[in-house]
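# What the coordinates show
Below are the chains, spelled out letter by letter.
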Amino acid sequence: MAREYFIGLISGTSSDGVDAVLMEFVPTPKLRASHFLAYPDTLRAELLEFAAAHYRDDAIDQLGRLDRELGKLFAQAAHDLLKQTGLPGTAIRAIGSHGQTVRHRPGGSDPFTLQIADPNIIAARTGIATVADFRRRDLALGGEGAPLVPAFHRAALADRDETRAVVNIGGIANLTLLPARDGTVSGFDTGPGNLLMDLWSREHLQASHDESGAFAASGKVSTALLAELLSDGYFRRPPPKSTGRETFNRAWLQRGLARHPLPAADVMATLCELTARTVADAVIGCTPQVVRVLLCGGGTHNLTLVKRLGTLLPDCKLGTTAGCGVPPDWVEAAAFAWLARETLAGRPGNLPAVTGARAPTILGGIYPA
Ligand SMILES: Nc1ncnc2c1ncn2[C@@H]1O[C@H](COP(=O)(O)OP(=O)(O)O)[C@@H](O)[C@H]1O
Ligand SMILES: [Mg+2]
């Protein structure tokens, strides 16, 4: 059989840039190449401001412009990735593009989620069929539209004899429970991953993130601020649940800080602890009990966070997805390459037990080459 390659593209809540991967399914998922295309600083700043703004006069024009600009950048990421591998575009069955989330409001009477990076532009510029807009079909069936990575986690990272949890620490953190012996997969967003630490870094370190978690390590966790932040109802809500910047943002943090003013380093330490605690509590709350935790996402580079997770989860084997053949920085992009393949094959990509959708469904729209 001819080799089948798929490309996966994503930019997560961190809005840091495009993760691009080349995947081969033989039939187990194999990562063949990866590429990161950082957003220019001005674009990242505009996106963050756009995602934070609730009302804006020229929002529609701005949305159209960002949709196009991101479409070009995503196409560029796929192009750069291919150039690195030497493969022609014709070798690629499809691109799975998650796009960039600018709004995610799954609950309530008007559920809505929007990922931009125009797939028409990606398909036109690359000459490769592009699958995109993965989340809204799940929403249309009453689901959260997120997380969508668990089905891929099952395909790539599950083990017959060992119950595992995959914890992806992006801007938001999400957990996938992979029970041994093909038990029912579950998963949900645990809450903030890096996004609060990132915004605090921009304010106090003039840096996009707290490199290796060094600033967090220099501070002292405030039990009072931590308790205040942990009192948010999201953490106690049962799954299905997913979240984003709409809930966890600067204003949310400010409400806690107003009552507990602290040195900047202590705030960072507390935000790091918030992510560690909510992730660890989610793992501990799993049934069946988790034997091994596989970490992925940019948060795996925050050594303070990873160390705290090790302390809070003494009964789990803690490692990254690298041990299972998927490098931790590329798991999400790999998932969207895989989801594109499921869509082309006519197979559902969502897991109703995870998203709460009424039924499994084929995800996304196909934009032909
Ligand atoms: N060396 C590092 N030290 C600390 N944090 C890091 C490092 N590298 C990446 N990160 C964190 O990971 C984030 C990006 O993670 P990613 O998984 O791409 O998130 P998303 O899926 O939301 O885009 C960065 O914004 C930063 O917070
Ligand atoms: Mg990212």
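Predicted model, so just to flag it, every value in this text is computed and none were measured. All chains use their own residue numbering, which begins from 1 and follows the written sequence. Chain A is the first chain written and ligand 1 is the first ligand written, with later ones labelled in order. Two thresholds apply to this predicted model, a pLDDT of at least 70 for residue-level local features and 80 or more for giving and counting side-chain atom pairs, whereas whole-chain, interface and lining totals are computed over all residues. Note that the side-chain values use all heavy atoms of the structure and ignore hydrogens as well as water.

## Some details on the state of the cysteines
Disulfide assignment relies on a single distance test, namely cysteine sulfur atoms paired within 2.5 Å. A complete count under the given rule lists 0 disulfides for this structure. Unpaired in terms of disulfides, Cys 316 finds its nearest cysteine sulfur in Cys 286, a separation of 8.8 Å. Free of any disulfide, Cys 324 has its nearest neighbouring cysteine sulfur in Cys 296, separated by 11 Å.

## Thoughts on the packing of helix α10 (residues 264-284) against helix α11 (residues 303-312)
Where α10 meets α11, the axes come as close as 9 Å, and the angle between the chain directions of the two elements is 40 degrees. The two elements α10 and α11 cross, and the hand of that crossing is right-handed. Between α10 and α11, the contacting residues are Cys 272, Glu 273, Thr 275, Ala 276, Arg 277, Val 279, Ala 280 and Ile 284 on the first element and Thr 304, Leu 305, Arg 308, Leu 309 and Leu 312 on the second. In the scheme used here, Gly and all other residues not listed as nonpolar or charged are polar, with Ala, Val, Leu, Ile, Met, Phe, Trp, Tyr, Cys and Pro taken as nonpolar and Asp, Glu, Lys and Arg as charged. Across the contact of α10 with α11, the residue classes break down as 8 nonpolar, 2 polar and 3 charged. Axis angles are defined between N-to-C directions and span 0 to 180 degrees, where every axis is a line fitted to C-alpha atoms and, for a helix, only to the segment in contact. A helix here means a DSSP run of H or I that spans at least four residues, while a strand means a run of E at least two residues long, and both kinds are numbered starting from the N terminus. Helix crossings fall into two classes, left-handed where the near helix is turned counterclockwise from the far one by less than a right angle and right-handed where it is turned clockwise. Contact criterion: two residues are considered in contact whenever any of their non-hydrogen atoms come within 4.5 Å of each other.

## Here we look at the site of ligand 1
Lining the immediate environment of ligand 1, one finds 18 residues, of which Gly 171, Asp 198, Glu 211, Ser 212 and Gly 298 sit closest. Polar contact is the term for a pair of N or O atoms within 3.5 Å; when the atoms are in protein, one must be able to donate a hydrogen and the other to accept it, and sequence-neighboring residues count only if both atoms are side-chain atoms. One of the side-chain N or O atoms of Asn 194 is found 3.4 Å from an oxygen atom in ligand 1. Take Ser 212: an N or O atom from its main chain is 2.8 Å from a nitrogen atom of ligand 1. Considering only residue class, the shell around ligand 1 consists of no nonpolar, 12 polar and 6 charged. Throughout the structure description, domain borders are defined by an automatic or database domain assignment. When residues of the shell around ligand 1 are assigned to domains, at least three fall in each of domain 1 (5-145 + 329-367) and domain 2 (150-324). We call a residue near a molecule or strand as soon as one heavy atom of that residue lies within 4 Å of the molecule or strand.

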